[in-house]
Protein chains: 2
Amino acid sequence: MFENKSQENTSLEKLGEFGLIERLSKSFDCVNESTIKGIGDDSAVLDFKNKKTLISTDLLVEGVHFDLAYVPLKHLGYKAVVVNLSDIYAMNAVPTQITVSIAVSNRFPLEAIEELYAGIALASKKYGVDLVGGDTTSSTKGLLISVTAIGVADEKNITYRNGAQVDDLLVVTGDLGAAYLGLQVLERENEVFKVNPNSQPDLVGYTYLVERQLKPEARKDINGLLKVLGVNPTSMIDISDGLSSEILHLCKQSEVGCNLYEEKIPLDPTVISTCEEFSIDSTMVALSGGEDYELLFTVNQKDYDKIKGNPNLTVIGHMTEAKEGKHMVTRANTKVPLTAQGWNSFSEGN
Amino acid sequence: MFENKSQENTSLEKLGEFGLIERLSKSFDCVNESTIKGIGDDSAVLDFKNKKTLISTDLLVEGVHFDLAYVPLKHLGYKAVVVNLSDIYAMNAVPTQITVSIAVSNRFPLEAIEELYAGIALASKKYGVDLVGGDTTSSTKGLLISVTAIGVADEKNITYRNGAQVDDLLVVTGDLGAAYLGLQVLERENEVFKVNPNSQPDLVGYTYLVERQLKPEARKDINGLLKVLGVNPTSMIDISDGLSSEILHLCKQSEVGCNLYEEKIPLDPTVISTCEEFSIDSTMVALSGGEDYELLFTVNQKDYDKIKGNPNLTVIGHMTEAKEGKHMVTRANTKVPLTAQGWNSFSEGN
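Thresholds applied
- Residues numbered from 1 in each chain as written.
- Chains lettered and ligands numbered in written order.
- Predicted model: local features only at pLDDT ≥ 70, side-chain atom pairs only at ≥ 80, totals over all residues.
- Buried ≥ 20, exposed ≤ 12 C-beta atoms within 10 Å, placed from the backbone.
- Domains from an automatic or database assignment.
- Nonpolar A, V, L, I, M, F, W, Y, C, P; charged D, E, K, R; others polar.
- Contact = placed C-beta atoms within 7 Å.
- Helix = DSSP H or I, 4+ residues; strand = E, 2+ residues; numbered from the N terminus.
- Pairing = 2+ DSSP bridges.
- Axes fitted to C-alpha atoms, helices over the stretch in contact; angles between N-to-C directions.
- Least-squares fit on C-alpha atoms with pLDDT ≥ 70 in both.
- Expected span 1.5 Å × (residues − 1).
- Core = buried A, V, L, I, M, F, W, Y, C linked by C-beta atoms within 7 Å.

Caption draft 1: How the structure looks around unusual backbone geometry. Residue and element names in this part refer to chain B. Residue asparagine 92 is not a glycine yet carries a positive backbone phi of 65°. Phi at serine 279 takes a positive value of approximately 55°, unusual for a residue other than glycine. For serine 279, a count of 6 C-beta atoms within 10 Å corresponds to the exposed category.

Caption draft 2: Main features of the domain arrangement of chain A. Here chain A is partitioned into domain 1 (12–156) and domain 2 (169–343). Residue composition of the side of domain 1 of chain A that touches domain 2 of chain A, by class: 12 nonpolar, three polar and two charged.

Caption draft 3: Quick peek at the interface of chain A and chain B. At the junction of the two partners, chain A supplies 50 residues and chain B supplies 50 residues. Where the side of chain A that touches chain B is concerned, the elements lending two or more residues are strand E1 (35–37), strand E2 (44–46), strand E3 (52–61), helix H2 (73–89), strand E4 (94–104), strand E5 (130–138), strand E6 (143–153) and strand E8 (235–238) of chain A. The element best represented in the side of chain A that touches chain B is E3(A), accounting for nine residues. Grouping the amino acids of the side of chain A that touches chain B by side-chain chemistry returns 20 nonpolar, 18 polar and 12 charged. Pairing of E3(A) with strand E2 (residues 44–46) of chain B involves three bridges; the strand directions are antiparallel.

Caption draft 4: Local environment of the sheet that holds strand E5 (residues 130–138) of chain B. Strand order in the open sheet formed by six strands is E1(A)-E2(A)-E3(B)-E6(B)-E4(B)-E5(B), and the pairing between neighbours is mixed. Edge strands, defined here as strands with exactly one partner in the open sheet, are E1 of chain A together with E5 of chain B. With direction set aside, neighbouring strand axes in the sheet form an average angle of 20°. Direction of pairing for E1(A) relative to E2(A): antiparallel, over a ladder of two bridges. Counterpart to A:Thr35 in the pairing with E2(A) is A:Leu46. Packing of helix H2 (residues 73–89) of chain B onto the sheet brings it into contact with strand E3 (52–61), strand E4 (94–104) and strand E6 (143–153) of chain B, and relative to E6(B) it is tilted by some 35°. Helix H3 (residues 110–127) of chain B rests against E4 and E5 of chain B of the sheet, and its axis sits at about 175° to E4(B).

Caption draft 5: Looking closely at the relation of the copies chain A and chain B. The two copies are related by a screw motion: chain A maps onto chain B through a turn of 180° and a shift of 0.0 Å along the axis, at an RMSD of 0.0 Å. Between the two chains, the operation in question is that of a two-fold axis. An overlap of 100% is found between the interface residues of chain A and their copies at the interface of chain B, pointing to a shared contact surface.

Caption draft 6: The sheet that holds E3(A), seen in detail. Reading across the sheet, the six strands line up as E5(A)-E4(A)-E6(A)-E3(A)-E2(B)-E1(B) and stay open at both edges, with mixed pairing between neighbours. Looking at strand neighbours, the two that pair on one side only are E5 of chain A together with strand E1 (35–37) of chain B, the edges of this open sheet. Neighbouring strand axes in the sheet, compared pairwise and without regard to direction, differ in orientation by 20° on average.

Caption draft 7: Examining helix H3 (residues 110–127) of chain A more closely. Residue and element names in this part refer to chain A. Spanning 18 residues, H3 covers 26 Å between terminal C-alpha atoms, matching the ideal 26 Å at 1.5 Å per step. Taken as a whole, H3 has its buried residues at Ala112, Ile113, Glu114, Glu115, Leu116, Tyr117, Gly119, Ile120, Ala121, Ala123, Ser124 and Tyr127. Buried residues along H3 sit in contact with helix H1 (12–25), H2, E4, E5 and helix H6 (220–229). At the C-terminal side of H3, glycine 128 shows a positive phi close to 70°.

Caption draft 8: Here's a closer look at the nonpolar core. Within the largest apolar cluster, 202 residues are counted, with the highest numbers of intra-cluster contacts made by A:Leu54, A:Leu144 and B:Leu54. Discounting residues that sit within four places of it in the chain, A:Leu54 has contacts with A:Ile88, A:Met91, A:Ala93, A:Ile150, A:Gly151, A:Val152, A:Ala153, B:Ser43, B:Ala44 and B:Val45.

Quick look at the structure:
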C-alpha cells in the first residue's frame, strides 16, 4: 500500500545502499542532548552522564506481524517505533534514541521506503527520540523492520517486573482489547475486498479500533503522571501480548500470585459492541488480544487514594501470596486460573 | 547445516517463544560491571557512569549475507556478533553488551537455533560482551539475524571518520582480501557438491581463506595496541565493504583526498596464489572484496616511528588536500581514481 502511487518510482537497486541511507537520513534531526553522534559513523555515540542507559529491541516481519494489504507503510513505520518505545516506558524510563534496520525486497521502490521512514520520523518527533543508526539491506522476500530503542532513567525510578509485593494493587492504563478488534475488522474488510475489489472498506463506527491497531501510541504520559501523583510503582510491564500473559510475567518474576477482577477490566464501549457483533467474549479479547501498549503496574495499597478516580488508571486486582495462584474472579464470582492464552475454562479455581 | 543431525529435533512451534527464550538464555551470563539488568524485563539496564555509550547495529539475511549450504550455524552466530563488535572497535571503543534478534521459519528445529546461539555465546565470551536482550520471532522464509552492539569509551579516545588531516598517514591492520576469496572457494566447492553430492569438499591449502570468511575476528587488540604505542588515531573505520569504499568514507567525512600505494596493500601469500588460480586481480580483491573486519585509520606523520615495523600495522598511503582527489598509485606508478567498486580503470588519473 504505497500512498503516492501516482508518482514515478525509483528502484532501490539503482539508488544503492549508501544513496538510500543518505536520502532517508535527511529528514531526521537529533534533538536530545545525550546524542553526541547520530547517523554517519561506525556507531552512534551517546552520553547519559550519571544516569542509567536502557536498551530494548523488536523485530517486525511482513506476513507475521503485519500485512501490507491493509497496513499503510507510514503507519507501519510509526508503529514499529512506538512498540519499542513502549518497552522503555514500561521500565518507568524515558526513550531518547532509536536505531532502525530494514531488510527489503526489490519489489519496494524508494517511494515506499520513504513512506515507511515518514512514519518513523513522525513517531520520532512525537516522542522526542533521535534516530542514531541502523542498517538497510535487501531481503529475498518481503519487508522486515528491526528497531532498537535506547532510553535513560535515574536509578531510583527504574521499575522492573520483579518488584511486586503481596497485597499490592494491580493497575492498568487506558482500556484493553481495541487493537485486537481493529485487526479483526481490517481482516474482515480485506476478505470482502478480495471477493469484490471495487468494494470500499466499511470502517464507520470502528475508527477507534482501527486506529488502535494501525497507529498505536505508547504511554509517554504515565511516567510523568506517576511522578506528579507521588506514586512509585513496585513493578511494571507493557501490554503487548495481552493482559493475561503480562500479569503472569509480573507474578512469575515477583514470586507472587494475583486476583484479577473481570468486572474491573477497562473496555471501551466500541470494544463491547464489536465483541457482540463478532460473537466473541470481550474479557477474552482483553486477556489475550494484545497490542494494546498500555502499561500494567503494581502499587502499594497506601497509594490507592492517589490513583483512585484518575481517568487514566484502573485498579483491576491485587497481588497475593504465590501459593494462592494466579486467578481471575469472574462476574459470576467464580475463580478461574489465568493462563498465557487467557484463562483456563476447563479448570476450576481452588 | 545442522551439526547435531543425529539427535531428535524439537519443533519451535511446540516450544513457543517464551520457552525458546528461556532455553536460549541459559547459556549466557553477564560479566560486565556496566550490565545492571540483562535478559528478562522490558528492556536491559546499563550503567556507563561518566563514559560515553556507543551503539551499532547490523542485519544479516539468509540468501543475501549468508548461504546455509556452506555456513555452519554456529559460525554464523559467531560472525553475526563479530561484525557488529567490529563497528565498536572502529570507534576506538570497547564493546560491552549485545542484543540479538532472530526471525526464523519453522523449518529450523530448536537444535539448529541452539547451534546458532552456541556461536553467539562463543563470540560473546571471547570478546567479553554480555547478551542483554533481543527478540525471537517467526519468519515466512529463512533466517534473519539482527545484532545491536553497545560499547563504552572515554570521550577523548573516541575516533570518528571525520578527523583525518592532510598529510596524515593511512594505516591498515592485518591483511586484506582473504575473506572474499574464502567465499569464492566455498562457492566453488558448493557447485561441485551440487553436481556430485558424494564429493568431499577440497579445502586443503585454503584454510586461512575459509576461516577468514566463516569465522572472522574483530580487531579487539588494536585499541590497546595504540594506547601502548602512544598513538592517537585521527580517524578510523572498519573494513566491511572493501578497502576502497572505506577510504572514500574517510576522505568524504574528513574532507581530504588520498594517495593509496598499490604495492603497500598487505596481502597474505595464500591470497596471492589463490588469485592467480582464480585469475583475478589481487589488488581488486583487496579494494572491493570486503568482510575483512580489519581497521583502517589515519595517524599524524609524527607517529610514523611508533608504528613502523609493527607486524599488525601497515602504512598504505597518506591523505592529501581534497582537491587532489582520491587515487591509487599503481605498481606501474600511474595514478588511477579510487571508486566504491575498487578503482575506475577507464579513467586516467591527473
